[in-house]
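Listed below, chain by chain, are the residues.
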Amino acid sequence: MILVTGATGNIGSTLVRELQESGAGPLRALTRDPARAALPAGTEAMEGDLARPASLKSALEGARSLFLVSRIGPDAEIIRAARSAGVEHVVLVSSITVRTHPHLGPADENLTVERLLKDSGMTWTILRPTQFASNALWWAAAIRERETVRVPYADVGLPTIHPADIASVARKALTEDGHRGQTYALTGPERITARQQVETIATVLGRDIPFAGVGRAEARRTMAAFLGDEAADAVLDVTGGDVNDELLAVRDTVPRIVGVPARTFRQWATENAAAFG
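Just so it is clear, the structure is predicted and the values come from calculations on it, not from any experiment. Sequence positions are assigned chain by chain, starting from 1 and proceeding in written order. Under the rules for a predicted model, residues below a pLDDT of 70 receive no local features and side-chain atom pairs below 80 are neither given nor counted, while totals for whole chains, interfaces and linings still include all residues. As a rule here, side-chain values come from all non-hydrogen atoms in the structure, and water together with hydrogens is ignored.

**Student:** Even after reading the chapter, I still don't get the overall build of the protein chain, so can you show me in this structure?
**Tutor:** The helix and strand tally for the protein chain stands at 13 helices and eleven strands. Using C-alpha atoms as the atom set, the radius of gyration is obtained and then compared with a globule rule of 2.2 Å times the number of residues to the power 0.38. Over its C-alpha atoms the protein chain spans a radius of gyration of 19 Å, differing by no more than 12% from the 19 Å that the globule rule assigns to 277 residues. Contact between two residues is taken to exist if any of their heavy atoms lie within 4.5 Å; hydrogens are not considered. For the protein chain, restricting intrachain contacts to residue pairs at least 6 apart in sequence, the fraction spanning at least 24 positions comes to 73%. Residue burial considers only the protein chains on display, and all accessible areas are found by Shrake-Rupley using a 1.4 Å probe. Accessible surface, the protein chain as shown: approximately 12600 Å² in total, 46% of it carbon and sulfur. Runs of E in the DSSP output that reach at least two residues are strands. Runs of H or I that reach at least four are helices, and both are numbered from the N terminus.

As structure tokens, then:
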């Protein structure tokens, strides 16, 4: 039995579908609202909320493998609950910033979760993805309203990853031998700047999108309003203010594990064009 938490999210929804299509065996999907979750046939929908570890008891009962995204709920309690329920293997989504920006608060928190898992007595696979292609949804409202997309570090290119590629690697780690005790840094197939991302979305939509590069101070004011000061600084450092070779590196992990090329940003933009109007 595999339990996928965050089953309706960017990664989890694809993972559930891939697991079902591959015939992985008994599958449970954790969601806060099973009645509204559009899950593949044969998937057992389980109600629960990572923010409330006590609500996971029924979902964890009988599960032997667990997919978990870090820092959604109180991870120490979630990991203890999984161990107590008899879970044997956890695939954890952490962040590449554990390697590239260990001094940042969110990266340190992710590293703490990784250590908790390694010390839990369960086997583990840790996934450390880079910037998600879905972060472009931050611009969706402006693009729909025909407003100017204003972005800091507009010409810094990062190897942005399609969330579905994280799901594909997670599927392999949950269902095949050789991945336990492994930590995988995950990236997309090429570096792409924010300017190029907006240009790609414009091409997919078939219309121009006004674009302007802005300074860090302006971007921080906007981001801090909904992320908080520390998280805003972390995002800005990782997206251009404090880049390094480790963060810029394009890795072959996805094609090596999955067996097909990593998905491009254009593919993500095409699949999600409706979000941008």
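Structure's up, so let's keep going.
**Student:** Would you explain the packing of aromatic side chains in this entry?
**Tutor:** To describe a pair of aromatic rings, you give the distance between the ring centres and the angle between the ring planes. Pairing of aromatic side chains here covers Phe, Tyr and the six-membered ring of Trp, requires ring centres within 6.5 Å, and sorts the geometry by plane angle: under 30 degrees stacked, over 60 edge-to-face, intermediate tilted. Counting across every chain of the model gives two aromatic pairs. With 5.6 Å between their ring centres and 35 degrees between their planes, Phe-265 and Trp-268 make a pair best called tilted. One end of the pair is Phe-265 and the other is Trp-268, both in helix H13 (residues 265-271) and three residues apart, which spans about a single turn. Each member of the pair, Phe-265 together with Trp-268, is buried. Judged by centre distance (6.0 Å) and plane angle (75 degrees), the rings of Trp-268 and Phe-276 are edge-to-face. A relative accessible area of 3% places Trp-268 in the buried class. The rule is simple: take the accessible area with a 1.4 Å probe, protein chains only, and divide by the maximum for that residue type; under 20% is buried, over 50% is exposed, in between is partly exposed.

**Student:** When you look at a nonpolar patch on the surface in this model, what are you seeing that I'm missing?
**Tutor:** Only residues whose relative accessible area exceeds 30% and that form no salt bridge are eligible for patches; like-charged ones are grouped when within 9 Å, while nonpolar side chains (Val, Leu, Ile, Met, Phe, Trp, Tyr) are grouped when within 5 Å. One side-chain nitrogen of Lys or Arg within 4 Å of one carboxyl oxygen of Asp or Glu is enough to make a salt bridge. Taken together, the side chains of Trp-138, Phe-226 and Leu-227 define a hydrophobic patch exposed on the protein surface, amounting to about 320 Å² of accessible area. Assignment of secondary structure puts Phe-226 in helix H9 (residues 216-227).

**Student:** Looking at this structure, I do not really get the environment of Ala-41. What am I missing?
**Tutor:** Residue placement: Ala-41 occurs in the loop between strand E2 (27-31) and strand E3 (44-47). Relative accessible area serves as the criterion here: at 72%, Ala-41 is assigned to the exposed category.

**Student:** Whenever I open this one, the packing of helix H1 (residues 12-21) against helix H7 (residues 163-175) confuses me. Can you help?
**Tutor:** Helix-helix packing is characterised by the crossing angle of the two axes and by the distance between the axes. Taken N-terminus to C-terminus, the directions of H1 and H7 make an angle of 45 degrees; their axes are 8 Å apart at the nearest point. Compared by their axis directions, H1 and H7 come out oblique. The two elements H1 and H7 meet at a crossing, and its hand is right-handed. The segment H1 lies against H7, with Thr-14, Leu-15, Glu-18 and Leu-19 engaging Ala-164, Ala-167, Ser-168, Ala-170, Arg-171, Leu-174 and Thr-175. The nonpolar class holds Ala, Val, Leu, Ile, Met, Phe, Trp, Tyr, Cys and Pro. Asp, Glu, Lys and Arg form the charged class, and all remaining residues, Gly among them, are polar. Considering only residue class, the contact of H1 with H7 consists of six nonpolar, three polar and two charged. Helix axes are fitted to C-alpha atoms over the stretch in contact, other axes to C-alpha atoms as well, and angles between N-to-C directions run from 0 to 180 degrees. Roughly parallel means an angle under 35 degrees; roughly antiparallel, over 145; roughly perpendicular, 65 to 115; everything else is oblique. Here a crossing is taken to be left-handed if its near helix is turned anticlockwise relative to the far helix by less than a right angle, and right-handed if that turn runs clockwise.

**Student:** Help me understand the nonpolar core, please; the structure alone is not making it clear to me.
**Tutor:** Nonpolar side chains in soluble globular proteins tend to end up buried together. In this structure, Val-4, Leu-15, Phe-67, Leu-127, Val-169 and Leu-186 are the most contacted members of the largest nonpolar core, which totals 26 residues. When residues of this core are traced back to their parent elements, those giving at least two are strand E1 (2-4), H1, E2, strand E5 (89-93), H7, strand E9 (182-186) and helix H12 (253-258). If we skip the residues at most four places from it in the chain, Leu-15 touches Val-4, Phe-67, Ala-167, Ala-170, Arg-171 and Leu-174. Remark: nonpolar core denotes a set of buried residues (Ala, Val, Leu, Ile, Met, Phe, Trp, Tyr, Cys) joined through side-chain atoms within 4.5 Å. Membership of the second largest hydrophobic core comes to 21 residues, among which are Ala-63, Leu-117, Trp-124 and Ile-126.

**Student:** I would appreciate a short explanation of helix H5 (residues 105-118) in the present structure.
**Tutor:** Side chains three or four residues apart in an α-helix point the same way, a direct result of the helix having 3.6 residues per turn. Relative to the 20 Å expected for 14 residues at 1.5 Å per residue, H5 spans 20 Å between its end C-alpha atoms, a close match to the ideal helical length. Inspection of H5 places Pro-106, Ala-107, Asn-110, Leu-111, Val-113, Glu-114 and Leu-117 among the buried residues, and these make up the whole buried set. In an axial view of H5, the angular spread of the buried residues amounts to 155 degrees, which keeps them on one side of the axis. For H5, the elements touching its buried residues are helix H3 (75-85), E5, helix H4 (97-100), strand E6 (123-129) and helix H10 (229-241). To estimate how far a helix should extend, the number of its residues minus one is multiplied by 1.5 Å. Of all possible arcs, the one meant is that of the directions from the helix axis to the C-beta atoms.

**Student:** Sorry if this is basic, but what is going on with the layout of surface pockets here?
**Tutor:** Space left empty within the atom packing is revealed by a probe, the size of a water molecule, rolled over the atoms. Empty space within the largest pocket amounts to approximately 1300 Å³. Of all the elements in the fold, those that place two or more residues in the lining of the largest pocket are E2, strand E4 (65-69), H5 and H10. Counting residues per element, the lining of the largest pocket draws most heavily on H10, at five residues. Taken as a whole, the second largest pocket holds about 530 Å³ of empty space. Only protein atoms enter the calculation, which uses a 1 Å grid: trapped sets of points that fit a 1.4 Å probe without letting it out are cavities, open sets showing protein on both sides within 12 Å along at least five of seven lines are pockets, and any residue with an atom within 4 Å of a point is a lining residue. Lining the second largest pocket are 26 residues, and of these Trp-139, Arg-150, Val-151, Pro-152 and Met-223 sit closest to its centre. Put simply, the parts of the chain that give the lining of the second largest pocket at least two residues each are strand E7 (149-152), strand E10 (192-193), helix H8 (194-205), H9 and H10. Grid points are joined across faces, edges and corners, and a volume is the space filled by probe spheres set on the points.

**Student:** Would you take a moment to explain unusual backbone geometry for this structure?
**Tutor:** One non-glycine residue, Arg-71, lies in positive phi territory at about 65 degrees. In the Ramachandran plot, Tyr-153 falls in the positive-phi region, its phi being about 50 degrees despite a non-glycine side chain. With respect to the element layout, Tyr-153 can be found in the loop between E7 and strand E8 (157-158). A relative accessible area of 24% means that Tyr-153 is categorised as partly exposed.

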